[in-house]
Amino acid sequence: MDITSFWHKHKASWAELEQLVERFTRQERHITAADIDRLTHLYKKASAQLALVRSYHPTDEITLYLNQLVSRAHNLTYKQQSGSWQQLRHFFGVRLIGLIHTRIGFVGMAALLFVMGGVSGFAAVLTDPLNLYYVLPQGMAEQIDPTRLGEGHAALNSPVLSTMIMTNNMKVAILAFVSGITFGLVPIYLLLVNGLLVGALAAVYYQADSSYAFWAYILPHGVIELTAIFIAGGAGLHMGYRLLVPGRYARHYACLEAAKESAQLLLATLPLLFVAGVIEGYITPSSLSLETKYLVAAATLLLLCLWYVIGRRSQAHNASLAFISK
């Protein structure tokens, strides 16, 4: 089976189905009986095509794209109209998990870049503590004092601090996404530099024998925050990759599809960064015991894992229904 020929032969009907799905989702008041008949026809046709292409090319991007399209059309065709809350829950609980899974390689690459930067920063400061002045922004190194970690709890304005942190983190995530148009160079730089800073700070507290306390102040918000940064960075890397390697499709089409997917991935990071900002503003600087803060970090990690696992199961269930009902 020639997958490229298959794509060119059926891409027009898939595009029409995708447009209908978008109309049913966003402009339901303007839907006519003819639109419903057309959606049903195209959905059944796409379902049969999905079964065929999945038999010969189960991991191809066309298969992944068609599987997502058929799942969305199935939800519209066979499920009752849901309210805004149900649609929002499906978007964040199923569709975004599917997108993250599809681009897990780029998300993993973003995490790897961050870790590489972290290891480099840690090694540099461990080798020579004076390297801290080269790694950290000017004036920041002088303010680092491991013996005063956690001081000033009562003087903090938690609501203001939380808002500032959320705003800054969202700016970083958006920049990591938008800068994908630089062929992925800026996202790579941002991930490496952020990892470098964390690694350098970790080395300072390691040398002062305060690593346990340091990570207690990093991990409660860091688990969610870094997950969001990795997703946003992965979205930017994917955009850059498609600019360089459009694949079998026209460059403008491949870039457009990558931008649409990446924009949806970016949406996934905003609620995560909101939660991370609340934790960093209220829990991280609080007078809670270090052990309690580690428990908060473990709880956030567990919730993220459950979110992913449940979303994957729901996606697999929807795909099975689409296959059975074709």
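Cut-offs and rules
- Residues numbered from 1 in each chain as written.
- Predicted model: local features only at pLDDT ≥ 70, side-chain atom pairs only at ≥ 80, totals over all residues.
- Heavy atoms only, no water.
- Helix = DSSP H or I, 4+ residues; strand = E, 2+ residues; numbered from the N terminus.
- Buried < 20%, exposed > 50% of the residue type's maximum accessible area, 1.4 Å probe, protein only.
- Contact = heavy atoms within 4.5 Å.
- Areas by Shrake-Rupley, 256 points an atom, 1.4 Å probe, with all protein chains shown as cover.
- Core = buried A, V, L, I, M, F, W, Y, C linked by side-chain atoms within 4.5 Å.
- Phe/Tyr/Trp six-rings, centres within 6.5 Å; stacked < 30°, edge-to-face > 60°.
- Expected span 1.5 Å × (residues − 1).
- Bend = angle between axes of the 7 residues up to and from the residue.
- Salt bridge = Lys/Arg side-chain N within 4 Å of Asp/Glu carboxyl O.
- Axes fitted to C-alpha atoms, helices over the stretch in contact; angles between N-to-C directions.
- Parallel < 35°, antiparallel > 145°, perpendicular 65-115°, else oblique.
- Nonpolar A, V, L, I, M, F, W, Y, C, P; charged D, E, K, R; others polar.

K.L.:
Can you break down the overall build of the protein chain residue by residue, with the values?
P.N.:
Counting secondary structure elements, the protein chain contains 11 helices and zero strands. From first element to last, N terminus to C terminus, the protein chain shows the α and β order α-α-α-α-α-α-α-α-α-α-α. Buried residues in the protein chain amount to 43% of all 326 residues. Across the protein chain, every contact between residues at least 6 apart in sequence was considered, and the portion connecting residues at least 24 apart equals 81%. As presented, the protein chain carries roughly 17,200 Å² of accessible surface, and 66% of it is formed by carbon and sulfur atoms.

K.L.:
Give me the lowdown on the nonpolar core, citing residues and values where you can.
P.N.:
Ranked by size, the top nonpolar core spans 30 residues in total, and within it Leu-191, Ile-224, Ile-231, Leu-265 and Leu-272 carry the most contacts. Secondary structure elements with two or more residues in this core: helix 4 (84–102), helix 5 (104–127), helix 7 (158–178), helix 8 (185–207), helix 9 (211–244), helix 10 (251–282) and helix 11 (290–324). Counting residues per element, this core draws most heavily on helix 9, at nine residues. Not counting residues within four places of it along the chain, the set of residues in contact with Leu-191 comprises Ala-110, Leu-113, Phe-114, Ile-229, Gly-233 and Leu-237. In this structure, Leu-20, Leu-42, Ala-46 and Leu-50 belong to the second largest nonpolar core, which totals 21 residues.

K.L.:
Can you explain unusual backbone geometry? Please cite residues and give values.
P.N.:
In this structure, Asp-209 takes a positive phi of about 60° despite not being glycine. Within the secondary structure, Asp-209 is located in the loop between helix 8 and helix 9. What makes Asp-209 exposed here is its relative accessible area of 73%.

K.L.:
How would you explain the packing of aromatic side chains if you had to name every residue and give the values?
P.N.:
Under the defined criterion, the tally for this structure stands at 10 aromatic pairs. Between Phe-114 and Phe-230 the ring centres are 5.5 Å apart and the planes differ by 65°, which places this aromatic pair in the edge-to-face class. With Phe-114 in helix 5 and Phe-230 in helix 9, this residue pair connects regions lying 116 residues apart in the sequence. Of the two residues, Phe-114 and Phe-230, neither departs from the other in class, the shared state being buried. With a centroid separation of 5.0 Å and 75° between ring planes, the pair formed by Phe-214 and Trp-215 is classed as edge-to-face. Judged by relative accessible area, Phe-214 falls into the buried class, the value being 5%. For Trp-215, a relative accessible area of 31% translates into the label partly exposed.

K.L.:
Provide a residue-level description of helix 9, including the pertinent values.
P.N.:
With 34 residues, helix 9 extends only 41 Å from end C-alpha to end C-alpha; this falls clearly short of the ideal 50 Å at 1.5 Å per step. If you look at helix 9, its biggest bend is around 55°, right at Gly-222. The element helix 9 is largely enclosed, with a buried count of 24 among its 34 residues.

K.L.:
If you had to explain the pattern of salt bridges to someone new, which residues and values would you point to?
P.N.:
Applying the stated criterion to the full structure yields five salt bridges. Notably, a salt bridge pairs Arg-72 with Glu-22, separated by 2.6 Å at the nearest N-O pair. With Arg-72 in helix 3 (residues 61–78) and Glu-22 in helix 1 (residues 3–26), this pair connects stretches of sequence that are 50 residues apart. The exposure class of Arg-72 is buried, given its relative accessible area of 17%. On the basis of relative accessible area, Glu-22 is assigned to the partly exposed category, the value being 24%. The partner of Glu-61 in a salt bridge is Arg-242, and the shortest N-O contact between them spans 2.3 Å. In this pair, Glu-61 is assigned in helix 3 and Arg-242 in helix 9, connecting sequence segments 181 residues apart. Since its relative accessible area comes to 27%, Glu-61 is described here as partly exposed. A network of salt bridges, in which partner residues are shared, links Glu-61, Arg-103 and Arg-242.

K.L.:
Give a description of the environment of Thr-284 that names residues and reports values.
P.N.:
Note on placement: Thr-284 falls in the loop between helix 10 and helix 11. Judged by relative accessible area, Thr-284 falls into the buried class, the value being 7%. Ignoring any residue separated from it by four or fewer positions in sequence, one finds Thr-284 in contact with Tyr-217, Pro-220, His-221, Ile-279 and Lys-293.

K.L.:
How would you sum up the packing of helix 8 against helix 9? Please name residues and give values.
P.N.:
Taken N-terminus to C-terminus, the directions of helix 8 and helix 9 make an angle of 170°; their axes are 11 Å apart at the nearest point. Classified by the angle their axes make, helix 8 and helix 9 are roughly antiparallel. Between helix 8 and helix 9, the residues in contact are Pro-187, Ile-188, Leu-191, Val-198, Leu-201, Ala-202, Tyr-205 and Tyr-206 and Ser-211, Phe-214, Trp-215, Ile-229, Gly-233, Gly-236 and Leu-237, respectively. Across the contact of helix 8 with helix 9, the residue classes tally to 12 nonpolar, three polar and no charged.

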